[in-house]
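Observations on the model geometry
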Amino acid sequence: MAQVERLSQNAKGAAWQDSFTRLAESFWDEFLSIPRHSVSLPFPEDARLKRVAEALSATPADPRGQQEWADMAGMSLRSFIRHFTADTGMQFSVWRQRLRILNAQERLARRERVTDVAAAVGYESLGAFAAAFRKSTGYSPSAYVQRCRVGTTDPM
């Protein structure tokens, strides 16, 4: 975070010095070393599976089970599971969980209430949401909100 601040402050003003060039190179080295799966979500290419992914993206709290999603895709459950994993590199349940957590991160960064976010992404209890969020991000939802606030100048 400190690297980003120093780089952004320097970008507004004077010419780059060697020290800032090294800082920028170090930043990119660190950024590129972040596991891709931790900050992205692969979407399926298959049109049938893409329909499912888009429906879940629009409503992450949708409670339908795998069989219902397979029906939506016009596939048997076994084919759905096999094709989804092959297309995204992830099991459907893992993909869905990551979608929910990424959606929650966006909402928390927008300063929505933790309880509202938990419900919006499909958790019936705050405890279950907090446990899943911590397991995925390493932070509790409230700690994540605090980290987001530190990076802003908005006094809220």
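Residues numbered from 1 in each chain as written. Predicted model: local features only at pLDDT ≥ 70, side-chain atom pairs only at ≥ 80, totals over all residues. Heavy atoms only, no water.

Per an unreviewed UniProt entry, the protein chain is named AraC family transcriptional regulator, and its organism is Komagataeibacter intermedius NRIC 0521.

Details of the packing of aromatic side chains
On inspection of all chains with the given rule, the structure shows 8 aromatic pairs. Here Phe133 and Tyr144 contribute two aromatic rings whose centre-to-centre distance is 5.4 Å and whose plane-to-plane angle is 75 degrees, an arrangement assigned as edge-to-face. With Phe133 in helix H9 (residues 126-137) and Tyr144 in helix H10 (residues 141-150), this residue pair connects regions lying 11 residues apart in the sequence. This pair shows no difference in class: Phe133 is buried, exactly as Tyr144 is. Cluster of aromatic residues (ring-pair linked, three or more members): Phe43, Phe80, Phe84, Phe92 and Trp95. (Phe/Tyr/Trp six-rings, centres within 6.5 Å; stacked < 30°, edge-to-face > 60°. Helix = DSSP H or I, 4+ residues; strand = E, 2+ residues; numbered from the N terminus. Buried < 20%, exposed > 50% of the residue type's maximum accessible area, 1.4 Å probe, protein only.)

Thoughts on the environment of Arg64
Topologically, Arg64 is positioned in the loop between helix H4 (47-58) and helix H5 (66-73). For Arg64, a relative accessible area of 28% gives the class partly exposed. Those residues in contact with Arg64 that sit more than four places away from it in its chain are Trp69, Met72 and Arg96. (Contact = heavy atoms within 4.5 Å.)

Quick look at the pattern of salt bridges
Going through the model one piece at a time under the given rule, you end up with 5 salt bridges. Linking Arg48 and Asp46 is a salt bridge whose minimum nitrogen-to-oxygen distance equals 2.9 Å. Its relative accessible area of 32% is what places Arg48 among the partly exposed residues. Note that Asp116 and Arg113 form a salt bridge whose closest N and O atoms lie 3.2 Å from each other. The partly exposed category is assigned to Asp116, whose relative accessible area is 39%. Through salt bridges with shared partners, a single ionic network connects Arg107, Arg110 and Glu112. (Salt bridge = Lys/Arg side-chain N within 4 Å of Asp/Glu carboxyl O.)

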